[in-house]
Amino acid sequence: MVKYKGKTAGAYKDEIGNLYIVDTTCTHCGCECLWNEAEKSWDYPCHGSRYTYEGDVIDGPGVHGLNKLVPTLELI
């Protein structure tokens, strides 16, 4: 987790150095997703939705991806 414009966000840097930052607030019910290191995914513990590290839906019930945030120089 990182701070992004004063709020908590999720960050993942892939093996070639690309940085992905998402708002970890689930778009289904609004609770926070947790990082799943083994699967490299954001998992929503309340209803089972799962999202890629880029924020795209893997499994529902959530149908909208996590909001993608633009990396800032402070995070790189």
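For the structure, check the block above.
As the structure is a computational prediction, the values presented were derived from the model and not from experiment.

**Things to note about the packing of aromatic side chains**
Scanning the model with the defined rule gives four aromatic pairs in all. Three or more aromatic residues link up through ring pairs in this structure, and these residues are Tyr12, Tyr20, Trp35, Trp42 and Tyr53.

**Let's talk about the environment of tyrosine 12**
Inspection of the secondary structure puts tyrosine 12 in strand β2 (residues 7–13). Overall, the relative accessible area of 14% leaves tyrosine 12 in the buried class. Considered as a pair, tyrosine 12 and methionine 1 are 11 residues apart in the sequence and their alpha carbons are 8.8 Å apart. Ignoring anything within four residues of it in the chain, the contact list for tyrosine 12 reads Asn18, Leu19, Tyr20, Trp35, Lys40 and Tyr53.

**Overview of the nonpolar core**
As a rule of thumb, nonpolar side chains are buried together in soluble globular proteins. Membership of the largest hydrophobic core is limited to seven residues, which are Val22, Cys26, Cys33, Trp42, Tyr44, Tyr51 and Leu66. With near-sequence residues (within four places) excluded, cysteine 33 lies in contact with Met1, Thr24, Cys26, Trp42, Asp43, Tyr44, Pro45, Tyr51 and Leu66.

Thresholds, definitions, all that
Residues numbered from 1 in each chain as written. Predicted model: local features only at pLDDT ≥ 70, side-chain atom pairs only at ≥ 80, totals over all residues. Heavy atoms only, no water. Phe/Tyr/Trp six-rings, centres within 6.5 Å; stacked < 30°, edge-to-face > 60°. Helix = DSSP H or I, 4+ residues; strand = E, 2+ residues; numbered from the N terminus. Buried < 20%, exposed > 50% of the residue type's maximum accessible area, 1.4 Å probe, protein only. Contact = heavy atoms within 4.5 Å. Core = buried A, V, L, I, M, F, W, Y, C linked by side-chain atoms within 4.5 Å.

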